[in-house]
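The primary structure of each chain is shown beneath.
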Protein chains: 2
Amino acid sequence: MNDSDSSGWRNTTIDDAQAAQNPEIAHDVARIKQLRQSIDNVDTAIVSLLAERFKYTAEVGALKAKAGFAPEDRERESRQSVRLKQVAISAGLDPNIEENYREFVVTEAKNRHQRIAEAGGDPGVLDVYA
Amino acid sequence: MNDSDSSGWRNTTIDDAQAAQNPEIAHDVARIKQLRQSIDNVDTAIVSLLAERFKYTAEVGALKAKAGFAPEDRERESRQSVRLKQVAISAGLDPNIEENYREFVVTEAKNRHQRIAEAGGDPGVLDVYA
C-alpha cells in the first residue's frame, strides 16, 4: 500500500481505488476526500489574496523607488511581526507557521522592490505578474 | 535617509516624521501608509485561513495515521500543483510565488502528519496548535 521516493517520504495514494480495495478504511478515505476539498478551497482563497498582496507591494515598490527609499523598512517589519503573531495566536495557528509565512512574503516583496529600483522605478520589470 | 544592516538590505523608515522632513515626498508616504493598511488586512485574512488549513490537515494526519497511510500522497500533490498554478495565473500572481507557497504548506503538513503518526495518531502532539 505504501512506497517511498528519493526524498525519503513514504507515499500512499488515497483515492476511490484504495477505498474499494480496503473496505474497512472506506469511511476514512471519504472523510479525507471531503477535507481535501476544504483545503483546496482555502488554497484558492489564499493564492487569490497573495495575488492582491503582490499588486499592493508592487505599487509600494514603485513609490519607494520614485522617492529614493530603500527596499527594507525594519521598523515596519518589526510592527508587522508583533501584530501578525497576535493574529496567529487568536486564530489558533502555530506562530512558527505564521513567522515562516511572513518571512516568505516580506523577503519576496523586498527582492521585488530591489528589482523595481534597479529598473528605474518601473514595476513592469516584474513582467505580467506584479 | 538610508542605512543598511548585516543582511545587506538598505533600510528606510517610512513614517510621518520622514514625510514632515521631506515635504516633496509626503504624498508618496501617505499612499504607502494606505497600501500598508491593505497589505495588513490581506495578511490578517491569510493567517486566519492558514489557521483553518492546518486544522483540516491535522484531521487528515490523524485519519492517515489511523488507517496506516503514509504522510505523503504524490498523486494528490501533483493534482494540487496543476490546479493551483492555474488559480495563480488567473488571479495575476507569479506562479513562482504560488509554487513557493504550496511547497511551504505541503511540506509543513507532511512533517506534522509524520509527528502525528509517531505519536500513535494523536494530533494533540502538535500541542494547542493543530
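Everything below is about the structure printed above this text.
So, here is what we can say about the structure in this document.

Criteria and thresholds
Residues numbered from 1 in each chain as written. Chains lettered and ligands numbered in written order. Predicted model: local features only at pLDDT ≥ 70, side-chain atom pairs only at ≥ 80, totals over all residues. Helix = DSSP H or I, 4+ residues; strand = E, 2+ residues; numbered from the N terminus. Buried ≥ 20, exposed ≤ 12 C-beta atoms within 10 Å, placed from the backbone. Contact = placed C-beta atoms within 7 Å. Least-squares fit on C-alpha atoms with pLDDT ≥ 70 in both. Nonpolar A, V, L, I, M, F, W, Y, C, P; charged D, E, K, R; others polar. Expected span 1.5 Å × (residues − 1).

## A look at the overall build of chain A
1) Next: Secondary structure assignment for chain A yields four helices and two strands.
2) Next: Reading the helices (α) and strands (β) of chain A from amino to carboxyl end gives β-β-α-α-α-α.
3) Next: Counting every position in chain A, which comprises 130 residues, the buried fraction comes to 36%.
4) Next: Summarising the internal contacts of chain A: among those between residues at least 6 apart in sequence, 46% fall at separations of at least 24.

## Focus on the relation of the copies chain B and chain A
1) Next: For the pair chain B and chain A, the superposition axis carries a translation of 0.0 Å, the fit reaches an RMSD of 0.0 Å, and the rotation angle comes to 180 degrees. What the rotation and shift describe, once combined, is the action of a two-fold rotation axis. No C-alpha of chain B lies nearer the rotation axis than that of B:Ile46, which sits 2.9 Å from it.
2) Next: Interface residue correspondence from chain B to chain A reaches 98%, placing this contact among same-surface, isologous pairings.

## Here we look at the interface of chain B and chain A
1) Next: Tallying the contact residues gives 60 residues for chain B and 59 residues for chain A.
2) Next: Mapped by element, the contributors of at least two residues to the side of chain B that touches chain A are strand S2 (10-11), helix H2 (26-67), helix H3 (74-91) and helix H4 (95-118) of chain B.
3) Next: Looking at which element gives the most residues to the side of chain B that touches chain A, the answer is H2(B), with 27 residues.
4) Next: When the residues that make up the side of chain B that touches chain A are grouped by side-chain class, the tally is 30 nonpolar, 10 polar and 20 charged.

## Things to note about helix H4 (residues 95-118) of chain A
Because an α-helix completes one turn every 3.6 residues, residues spaced three or four positions apart along the sequence face the same direction.
1) Next: Over its 24 residues, H4(A) runs 34 Å from end to end, which matches the ideal 34 Å to within 8%, given 1.5 Å per residue.
2) Next: Turning to H4(A), its buried residues are A:Ile97, A:Glu98, A:Tyr101, A:Arg102, A:Val105, A:Ala109, A:Lys110, A:Arg112, A:His113, A:Ile116 and A:Ala117.
3) Next: Tucked into the core, H4(A) has its buried residues touching helix H2 (26-67) and helix H3 (74-91) of chain A together with H2 and H4 of chain B.
4) Next: Positive backbone phi, at 75 degrees, marks A:Gly120, one or two positions downstream of H4(A).

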